[in-house]
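Chain residues, written in single-letter form:
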Amino acid sequence: MAGGAAQRGAELLAFERFRDSSTQPLIYGYGPRSLRDMREREFGRLAGTVYLDHAGATLFPRSQLTSFTNDLMENVYGNPHSQNISSKLTHDTVEHVRYRILEHFRTSAEDYSVIFTSGSTAALKLVAEAFPWVSPGLESSGSRFCYLTDSHTSVVGMRNVTTAMNITSIPVRPEDMCVAETRGTAASDPDCQLPHLFCYPAQSNFSGTRYPLSWIGEVKAGRMCPVSAPGKWFVLLDAASYVSTSPLDLSLHQADFVPLSFYKIFGFPTGLGALLVNNRVAPLLRKTYFGGGTAAAYLAGEDFYIPRQSVAERFEDGTISFLDVIALKHGFDALERLTGGMENIKQHTFTLAQYTYTALSALRYPNGAPVVRIYSDSEFSSPEVQGPVINFNVLDHSGNIIGYSQVDKMASLYNIHVRTGCFCNTGACQRHLGISDAMVKKHLQAGHVCGDDVDLIDGHPTGSVRISFGYMSTLEDAQAFLRFIIAMQLHQCDDQPLSQITPGEAGAPPESEAQDAVPATMDGYSSSPQEDAPTDTGLSNDLPTPVAAVGLHPPLLMASRPQQTPSEKAAGALDGRLGPHVITNLYLYPIKSCAAFEVTEWPVGSQGLLYDRSWMVVNHNGVCLSQKQEPRLCLIQPIIDLQQKIMVIKAKAIRAVYSGMEPIEVPLEENGERTQVCQSKVCADRVNTYNCGEKVSSWLSKFFGHPCQLLKQSSNFQRSAKKRGKDQSAGSTATLSLVNEAQYLLINTSSVLELQQQLKASEEHGEEELFPTKELISRFRANIITNGTRAFEEETWDEISVGSLHFQVLGPCHRCQMICINQQTGQRNQNVFQKLSESRARKVNFGVYLMHTSLDFSSPSFLSVGSQVLPVLKENTERHDQPASEKHQDVTS
């Protein structure tokens, strides 16, 4: 880890002190242009949000989009391949943008050509396919394709193209290039014209390291070679990451190929990039396929084709995305107007990165151990060697790495957006994290793939956390991030309360979610049982009773044993007096991410509890909403009436908000004649759904204040579970509703009570119970609640039986930040996730997934409160003893 010089401890380094101690002038902001005014005027959508993933995609300003849309509304742009007036306008505007791009990179059309592509990846693929490779033969050793190991996946992927041509691909380590630079290796035969290609990034997208642009001239001149091979070296400079915050002068550093993506610079448009080709190299490029607009002439009946003379016209197959190209003009205008140019952006973003790096690297635990491990090849001494990117992992006080997935989830609670993983740069990830090739393969065998949240395997990290700054980033963004790290680690280490971040402050939860909790009511009834309210049915007495109120479901077969109050159950579970495991509560969640519907007995279907997660709320784009994006979903209360075959949807009233929302009814099943099936996605799975109608859509849209729809999974659609039981074949895969992982989720009250005690102990006022048992249980959104005898014993189970029903335990539930949301109010409290993460060795597991092992549909099956749960331990296949008289009394089939 690169070090820092600031004082040890948990205090936030003052920017003024940092600036005063700097040995070089620091530039923050854009002179007379107010950065604060710019943020409010152009990026108002960032209020309350700390966005630190500019290396992934920066953000566009409001005026850029407004100017572009006005342009489209005021002008007619036709296909540039036509000859009419509107097409001529498009052609001329596109050509102007090409000149603007070249001007931005301080070159001209005399030296470079601009080939528009769908992005830098497409530009790299174009070079791989068109470069004049020479395969090895009797008279030639063949071309070499060399790339720096600290390269994006899209650069490394070029080797598959070269391998198909029998071209040798050679990875080159950064340290080897530095040695070659020092010794000045020269080519053995300067007259040999065998073409080789060397690719390297101007800036590492992993660590922000900036590699010398002087390598371009040195390699091309033969004074420095990636490998010893006679021939002529060409250089591809991957500039996608570098040019997002820095100027690139191609008049000084004349790379042969420069791929880039424009959304990295402007935020908009996405899906548009370019390949800048040195005109001296362009004639050497070879093209096989030809598309519309690239031919000067061709014959359909014989092999005759003459390409166009212009490099751009020769390689831009088909009609380019001309409206997106026109948008670039407005991007350049906005960038210049708001910042004064890329040099200012370079200085501003580096100042933020250097300050954050200095403060972050100085953080220490009370025992002197560092809080983070930073992966960098520089000391952030200047913007010439380091970009505004910081890559790190968080450590505990013993020096163990905390998985990036846990850090990401915690950051999201503060509305801080970071990037995690390996960032499509396996080479740099391996080098900095010490991951061998064998370990990468082992991790794959263990189930880890790029982009997932498997962050630790055998205690070793599979990736890291990255933050990056953009031209609109502020000191407040940097300090909010630093306060988050301090709050997450240092104060908890000292058993001190989290540092307070006031509502409305950057990195704090929105003010609407930071108010005092108010019990949610629904037509005068609480949506959740009171903690000490006695009940004879297992349902809360604050909710309508199953039969007397609205006939929620058919008359139930009640458990024969006396019912206990929730308080009695909790007390018994805490000291183990209840003995055998018993179902104390049953919940289903008819609408995904909405409020729970508690029952005492409920039918079991092929996908779990009948109608559990059968519906979902989607936004105007058809994307499924969850409480992570829309916490108010928990304020929507669905109630199933099996007798009337309807679902009643009510809005919980908080402080009279939503009190005017009348309940609405939705049929339980679709009308086959009128139903139009549409396809949606849930947890990356394709599902067939149908729209529940305009009436309920209007109701939801009014509730949320933006367009929403209610979709239901089609009854004839089978969604297969990814998780399988140990004895389950591929042909007998379980089916799922709209759940995330499995058919059922079970939690143990003893586990909840242990977490509750830890939360109480960590609160400043330990006597005040901020997390009542029922409220805490509701955060985990389980279907089956058992009394348990000891905390987390459910994780040792292999199977369970409830009467005639048998379930396979599929494993623990890995929790996300939704457990921080109070299900009665929508209020967030990050302490729950924080404490669970600390107490469970940084893996936030709580509850276990269940799946049917066999289900007989010849007669109805039910789960009931009061039913005995018989677990089979993983280490023992023998069931716990049970009196024969009780074996089937709690579940009817």
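Residues numbered from 1 in each chain as written. Predicted model: local features only at pLDDT ≥ 70, side-chain atom pairs only at ≥ 80, totals over all residues. Heavy atoms only, no water.

Draft legend 1. The overall build of the protein, seen in detail. Looking only at helices and strands, one finds 22 helices and 40 strands in the protein. Taking contacts inside the protein between residues at least 6 apart in sequence as the whole, the part at least 24 apart equals 73%. As displayed, the protein offers around 37,400 Å² of accessible surface, 51% of which is attributable to carbon and sulfur atoms. (Helix = DSSP H or I, 4+ residues; strand = E, 2+ residues; numbered from the N terminus. Contact = heavy atoms within 4.5 Å. Areas by Shrake-Rupley, 256 points an atom, 1.4 Å probe, with all protein chains shown as cover.)

Draft legend 2. Local environment of the state of the cysteines. All chains considered together, the criterion is met by one disulfide. Each disulfide pairs two cysteine sulfurs, and for Cys422 the partner residue is Cys429, the sulfurs being separated by 2.1 Å. For the disulfide bridge between Cys422 and Cys429, the dihedral angle about the S-S bond is near -50°, and by the sign convention the bridge is left-handed. Across the pair, Cys429 and Cys422 agree in class, each one buried. Cys634 forms no disulfide, and the closest cysteine sulfur to it belongs to Cys594, at a distance of 8.7 Å. Overall, Cys634 belongs to the buried group, its relative accessible area being 0%. (Disulfide = S-S within 2.5 Å. Buried < 20%, exposed > 50% of the residue type's maximum accessible area, 1.4 Å probe, protein only.)

Draft legend 3. View of the pairing of strand 10 (residues 304-307). Pairing between strand 9 (residues 295-299) and strand 10: four bridges, direction antiparallel. The partner of Ala295 across the bridge, within strand 10, is Pro307. (Pairing = 2+ DSSP bridges.)

Draft legend 4. Layout of the sheet that holds strand 27 (residues 646-651). An order of 26-27-28 is seen for the three strands of this open sheet, with the pairing classed as antiparallel. Looking at which strands have only one partner, the edges of the open sheet turn out to be strand 26 (636-641) and strand 28 (664-667). Shown here is a sheet whose adjacent strand axes are inclined to one another by a mean of 25°, direction ignored. Here helix 19 (residues 694-704) sits on the sheet and contacts strand 26, strand 27 and strand 28; the angle it forms with strand 27, its principal contact strand, is near 20°. (Axes fitted to C-alpha atoms, helices over the stretch in contact; angles between N-to-C directions.)

Draft legend 5. How the structure looks around the pattern of salt bridges. Within this structure, the stated rule accounts for 26 salt bridges. Residue Glu476 pairs with Arg36 through a salt bridge whose shortest N-O separation is 3.8 Å. With Glu476 in helix 17 (residues 475-493) and Arg36 in helix 2 (residues 35-42), this pair connects stretches of sequence that are 440 residues apart. Look at Glu476 and you get partly exposed, because its relative accessible area is 35%. Residue class for Arg36 comes out exposed when judged on its relative accessible area of 55%. The salt bridge partner of Arg39 is Asp477, with a shortest N-O separation of 2.8 Å. Taken as a pair, Arg39 in helix 2 and Asp477 in helix 17 lie far apart in primary sequence, 438 residues in all. Among the residues examined, Arg39 registers a relative accessible area of 14% and is labelled buried. One salt-bridge network, held together by shared partners, links Arg173, Glu175, Asp176, Asp377 and Arg431. (Salt bridge = Lys/Arg side-chain N within 4 Å of Asp/Glu carboxyl O.)

Draft legend 6. View of the sheet that holds strand 23 (residues 601-605). Pairing is antiparallel across the open sheet formed by three strands, whose spatial order is 24-23-39. Each edge of the open sheet carries a strand with a single partner, namely strand 24 (608-609) and strand 39 (862-864). In this structure, strand 23 lies alongside strand 24, joined through two bridges in antiparallel fashion. Directly across from Gly605, in strand 24, lies its bridge partner Gly608.

Draft legend 7. How the structure looks around the confidence of the model for the protein. When the pLDDT values of the protein are averaged, the result is 84; 82% of them are 70 or greater. In this model, residues 494-506 is a region of pLDDT below 50 whose contacts with residues beyond four sequence positions or in other chains number 27 contacts. (pLDDT = per-residue confidence, 0-100.)

Draft legend 8. The arrangement of the environment of Ser720 in detail. In this fold, Ser720 is placed in strand 32 (residues 719-720). For the pair formed by Ser720 and Leu736, sequence separation is 16 residues and the distance between their alpha carbons is 6.1 Å. Setting aside its immediate chain neighbours within four residues, Ser720 contacts Asp685, Thr733, Ala734 and Leu736.

Draft legend 9. Region of the structure containing the packing of helix 3 (residues 62-74) against helix 12 (residues 322-339). Direction vectors running N to C along helix 3 and helix 12 enclose 140°, while the axes themselves pass 9 Å from each other. Between helix 3 and helix 12, the crossing angle belongs to the class labelled oblique. Considering only the axes of helix 3 and helix 12, their crossing is right-handed. Along its contact with helix 3, which presents Ser63, Gln64, Ser67, Phe68, Asp71 and Leu72, the element helix 12 presents Leu323, Ile326, Ala327, His330, Gly331, Ala334 and Arg337. Classifying every residue of the contact of helix 3 with helix 12 gives six nonpolar, five polar and two charged. (Parallel < 35°, antiparallel > 145°, perpendicular 65-115°, else oblique. Left-handed = near helix turned anticlockwise from the far one by under 90°. Nonpolar A, V, L, I, M, F, W, Y, C, P; charged D, E, K, R; others polar.)

Draft legend 10. Quick peek at the packing of aromatic side chains. Following the criterion strictly, the structure yields 30 aromatic pairs and no others. Look at Phe15 and Tyr28: their rings are 5.8 Å apart centre to centre, the planes differ by 55°, and that puts the pair in the tilted class. Here the residue Phe15 occupies a position in helix 1 (residues 15-21), and Tyr28 occupies one in the loop between helix 1 and helix 2, the gap between them amounting to 13 residues. By relative accessible area, which is 32% here, Tyr28 ends up partly exposed. When the ring of Phe266 is compared with that of Phe332, the centres are 4.8 Å apart and the planes differ by 80°; the resulting orientation is edge-to-face. Taken as a pair, Phe266 in helix 10 (residues 263-266) and Phe332 in helix 12 lie far apart in primary sequence, 66 residues in all. (Phe/Tyr/Trp six-rings, centres within 6.5 Å; stacked < 30°, edge-to-face > 60°.)

Draft legend 11. Molecular detail of the nonpolar core. Counting 74 residues, the largest nonpolar core has Leu360, Phe392, Phe481, Phe484 and Ile485 as the members making the most contacts within it. Tallying contributions element by element places helix 17 first for this core, with 10 residues. Ignoring any residue separated from it by four or fewer positions in sequence, one finds Phe481 in contact with Leu52, Thr356, Leu360, Phe392, Ile416 and Ile467. Formed by 64 residues, the second largest nonpolar core is a distinct cluster that contains Met38, Cys146, Val227 and Met342. (Core = buried A, V, L, I, M, F, W, Y, C linked by side-chain atoms within 4.5 Å.)

Draft legend 12. Representation of unusual backbone geometry in the model. Following Phe268, the chain continues into Pro269 via a peptide bond in cis, with omega recorded as 5°. Following the sequence through the fold, Pro269 ends up in the loop between helix 10 and strand 8 (273-278). The residue Arg106 is not glycine, and still its phi comes out positive at about 55°. Topologically, Arg106 is positioned in the loop between helix 4 (85-104) and strand 2 (112-117). Classification of Arg106 by relative accessible area gives partly exposed; the value is 44%.

Draft legend 13. Region of the structure containing the side chain of Thr245. As for its position among the elements, Thr245 is in the loop between strand 6 (232-238) and strand 7 (257-261). You can call Thr245 buried: its relative accessible area is 4%. In this structure, Thr245 is in contact with Arg210, Met342, Ile345, Lys346, Thr349, Pro388 and Phe469, ignoring residues within four places of it in sequence.

Draft legend 14. Quick look at the packing of helix 2 against helix 12. Interaxial distance between helix 2 and helix 12 falls to 11 Å at its minimum, and their mutual angle equals 145°. Across the interface between the two elements, Met38, Arg41 and Glu42 of helix 2 pack against Arg337, Leu338 and Thr339 of helix 12. Looking at the contact of helix 2 with helix 12 residue by residue, the class counts come to two nonpolar, one polar and three charged.

Draft legend 15. Layout of the environment of Thr351. For Thr351, the location among the structural elements is in helix 13 (residues 342-362). Taking relative accessible area as the criterion, Thr351 reaches 1% and is therefore assigned buried. C-alpha separation for the pair Thr351 and Tyr28, spaced 323 residues apart in sequence, amounts to 6.4 Å. Here the side chain of Thr351 touches Ile27 through a polar contact of 2.8 Å, landing on its backbone oxygen. (Polar contact = N/O pair within 3.5 Å; in protein donor to acceptor, adjacent residues only side chain to side chain.)

Draft legend 16. Region of interest: a nonpolar patch on the surface. Nonpolar side chains collect at one region of the surface, where Leu299, Phe304 and Ile306 lie side by side and expose about 250 Å² of accessible area between them. Structurally, the position occupied by Leu299 is in strand 9. (Patch = residues over 30% accessible without salt bridge, like charges linked within 9 Å, V, L, I, M, F, W, Y side chains within 5 Å.)

Draft legend 17. Layout of helix 19. Within the span of helix 19, buried status applies to Val696, Ser697, Trp699, Leu700, Phe703 and Phe704. On an axial view of helix 19, the arc spanned by its buried residues comes to 160°, and they lie on one face. Of the exposed residues in helix 19, the ones pointing more than 90 degrees away from its buried face are Glu694, Lys695 and Lys702. Those residues of helix 19 that are buried are in contact with strand 25 (615-619), strand 26, strand 27, strand 28, strand 30 (685-691) and strand 31 (708-713). Positive phi appears at Gly705, one or two residues downstream of helix 19, with a value of about 85°. (Arc of directions from axis to C-beta.)

Draft legend 18. A look at the environment of Asn393. Note that Asn393 resides in strand 12 (residues 389-395). Separated by 73 residues in sequence, Asn393 and Arg466 place their C-alpha atoms 8.6 Å apart. Not counting residues up to four positions away in its chain, the partners in contact with Asn393 are Val371, Val372, Arg373, Tyr375, Ile401, Ile402, Tyr404, Leu433, Pro461, Gly463, Ser464 and Val465. Among the polar contacts listed, one links the side chain of Asn393 to the backbone oxygen of Gly463, at a separation of 3.1 Å.

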